[in-house]
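# Working through the structure, step by step
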Amino acid sequence: MSQSTVQNEGTRMPLHMRRDGIDPVPELGAHRSDDEIPVITTTFGTQAYLVTRYEDVREVLGDAATFGNTADLRRRQGGAMAEISDEEAARMRAGQLLAQDPPDHTRLRRMLTREFTQKRMRMLEPRITEIVDARLDAMEQAGPPADLVADFALPIPSLVICELLGVPYADRAEFQSRSNRLLDLSRDPEDRLAAGRENRAYMSQLCADARANPGDDILGALVRDHGDDLTHDELTGIAGLLLIAGHETTSNMLGLGTLALLQRPEQAALVRDDPDMTRAGVEELMRFLSIVHSGVPRLVMRDTEIRGTAIPKDSLVLCSLPAANRDPEQIDRPDELDVSRGAAGHVAFGHGVHHCLGAPLARMEMETAFPALLRRFPALAPAVSDEDVEFRSFHFIYGLRSLPVTW
């Protein structure tokens with residue numbers, strides 16, 4: 001899908017999902033200066049208040065008591081979800097950290113925290129380097145052209161998360177297909193619901209195997225350390241979330257981030273040639289691209305207001321992460337990619353109790369992959385014009401369908 005197609009289809013997309021290529025549409029920026037918080041129609045046909053300013057987004061994400069994550073999935077999504085039973089809805093919510101508030105969220109997250117510490121991620125660095133180098137070797141041996149998404153951006157985080165969870169890498173095509181169906185908001189709701197059920201059945205069997213024979217992976221550790229405190233549905237929900245989030249987010253950052261760097265050779269050179277710039281570059285790319293449009297809608301738990309706009313109890317609130325990360329009140333030259341500044345304080349990983357648990361892993365993968373790719377192929381360039389780049393415009397997580405490259 002070309003950039004022009006994305007722009008034309010933008011009128012059929014909710015405002016918070018609209019992009020002009022890499023950039024959020026100007027209308028999102030215009031709302032930052034409005035006195036009121038606009039109400040938009042979501043992909044699922046529900047109404048939600050849309051928050052766009054950096055400080056307001058931080059307020060919403062940081063106040064779980066007022067803006068909760070416990071909105072019934074059937075209410076958030078409507079359509080086919082409205083037809084599921086109470087029992088199935090409870091199973092789908094179990095273990096899903098994004099559908100929990102404290103104290104339930106606190107209990108589940110505490111069990112996982114030690115698996116994603118910075119220290120633990122540093123221990124994974126040699127293996128991540130091996131995985132990245134292997135993909136680069138395969139690309140080099142096959143020769144140009146290559147599809148950066150299929151040959152590099154997707155395999156690396158998929159293999160990493162498979163090893164961490166004990167998921168057979170041979171199953172990657174199946175779970176990638178299911179997650180794509182689940183996160184593609186343009187698909188028929190019945191198909192997305194079916195994909196969710198298929199994914200849950202797969203993860204349920206994986207968790208049953210882990211309980212019977214716990215390995216050295218994260219699921220094995222959860223069974224050994226917390227097996228008596230986690231129900232089967234909770235373990236299944238945790239595993240499903242980690243599998244999907246573990247490869248979808250990082251793969252889209254690797255693809256879209258590479259495109260952004262190749263379009264700005266001076267920025268690519270900094271990431272390639274200056275090791276001290278790598279961490280700063282990753283943070284700036286996260287801010288600039290903000291591939292997660294909004295996260296899940298928040299349910300307003302009590303009457304409140306945001307910047308003078310009354311927000312009634314039981315309303316839904318969406319936070320535009322791209323708009324917040326490009327707020328000129330927060331950062332100078334927000335629409336420029338400048339890897340030297342580091343973009344401290346961005347909300348691309350969220351904020352508050354739901355700040356992305358896997359952020360240390362994602363950072364480690366990107367800090368390894370971006371400079372390695374640019375060093376291996378210093379002449380790397382898109383093999384198509386900007387107008388022919390295919391974006392995943394209707395996805396919950398923004399990214400590229402493909403990116404043909406040459407070198």
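I will try to describe carefully the structure that is included in this document. (Residues numbered from 1 in each chain as written. Predicted model: local features only at pLDDT ≥ 70, side-chain atom pairs only at ≥ 80, totals over all residues. Heavy atoms only, no water.)

## Quick notes on the overall build of the protein
Our working rule: Strands are runs of DSSP state E lasting at least 2 residues, helices are runs of H or I lasting at least 4, and numbering of each runs from the N terminus. Computation of the radius of gyration draws on C-alpha atoms alone. For the globule rule, the value is 2.2 Å times the number of residues to the power 0.38. In what follows, a contact means two residues having at least one pair of non-hydrogen atoms within 4.5 Å. Accessible areas in this description were obtained via Shrake-Rupley with a 1.4 Å probe; residue shielding takes into account the shown protein chains only. His is not counted, nor are the chain ends; Lys and Arg add positive charge and Asp and Glu add negative charge. By convention, the point assigned to a charge is CZ for Arg, NZ for Lys, CD for Glu and CG for Asp.
For the protein, the count of helices and strands is 17 helices and 14 strands. Its C-alpha radius of gyration of 21 Å places the protein within 12% of the 22 Å reference for a compact globule of 407 residues. The principal-axis extent of the C-alpha atoms belonging to the protein is close to 55 × 55 × 40 Å. Considering only residue pairs separated by 6 or more positions, the protein has 72% of its internal contacts joining residues 24 or more positions apart. Accessible surface, the protein as shown: approximately 16,700 Å² in total, 49% of it carbon and sulfur. Side-chain charges in the protein split into 45 positive and 64 negative, and the spacing between the mean points of these groups amounts to 3 Å.

## Digging into unusual backbone geometry
Along the chain, P102 connects to P103 via a cis peptide bond; the corresponding omega equals 5°. For P103, the position within the fold is in the loop between α5 (86-93) and α6 (104-113). Here P144 and P145 are connected by a cis peptide whose omega angle stands at 0°. Positive phi outside glycine occurs at D314, with the angle close to 75°. One can find D314 in the loop between β9 (309-311) and β10 (316-319).

## Some details on the sheet that holds strand β14 (residues 404-406)
Here is the rule we go by: Two strands pair if DSSP finds at least two bridges between them.
A sheet is described by the order of its strands in space; here three strands give the open sequence β6-β14-β11, paired in antiparallel fashion. The open sheet terminates on both sides in strands that have one partner only, identified here as β6 (146-147) and β11 (381-382). Examined bridge by bridge, β11 and β14 share two bridges and lie antiparallel to one another. Looking at β14, one finds that A381 is bridged to T406.

## Details of the sheet that holds strand β7 (residues 298-300)
For the record, the criterion: For every element, the axis is a line fit to its C-alpha atoms; helices are fit only across the contacting stretch, and the angle between N-to-C directions ranges from 0 to 180 degrees.
The strand order across the open sheet built from five strands is β3-β4-β10-β7-β5, with neighbouring strands paired in mixed fashion. Across the chains shown, the open sheet's two edge strands, defined by having one partner strand only, are β3 (39-41) and β5 (67-68). Relative to β7, β5 runs antiparallel, the two being bridged by two bridges. When the sheet's bridge partners are listed, F67 is paired in β7 with V300. Contacts from helix α3 (residues 54-62) reach β4 (47-51), β5, β7 and β10, with the element oriented near 125° to β10.

## Topic: the nonpolar core
Put simply, the rule reads: By nonpolar core we mean a set of buried residues, namely Ala, Val, Leu, Ile, Met, Phe, Trp, Tyr and Cys, connected to one another through side-chain atoms within 4.5 Å. In this scheme, a residue with accessible area under 20% of its type's maximum is buried, one over 50% is exposed, and one in between is partly exposed, where area comes from a 1.4 Å probe on protein chains only.
Counting residues in each nonpolar core, the largest one holds 102 residues, and the members touching the most others are F152, L219, L222, L261 and L289. No other element matches helix α13 (residues 232-262), which puts 14 residues into this core. Every residue in contact with L289, bar those within four places of it in the chain, is listed here: R19, I22, M253, L256, G257 and A260. In this structure, L15, A48, L316 and A323 belong to the second largest nonpolar core, which totals ten residues.

## Structural notes on the environment of L261
Assignment of secondary structure puts L261 in helix α13. A relative accessible area of 1% places L261 in the buried class. In this structure, L261 is in contact with Q267, A268, V271, L285, L337, V339, F370 and L374, ignoring residues within four places of it in sequence.

## Points about the environment of R18
Mapped onto the fold, R18 is located in the loop between α1 (3-9) and β1 (19-20). Sequence-wise, R18 and Y398 are 380 residues apart; in three dimensions their C-alpha atoms are separated by 9.9 Å.

## Observations regarding the pairing of β10
Of the two faces of β10, the one carrying L316 and L318 and the one carrying V317 and C319 are both buried. As paired strands, β4 and β10 are joined by three bridges and run parallel to one another. When the bridges of β10 are listed, L50 appears paired with L318. For β7 and β10, the ladder comprises two bridges, and the chain directions are antiparallel. For L299, the partnering residue across the bridge sits in β10 and is L316.

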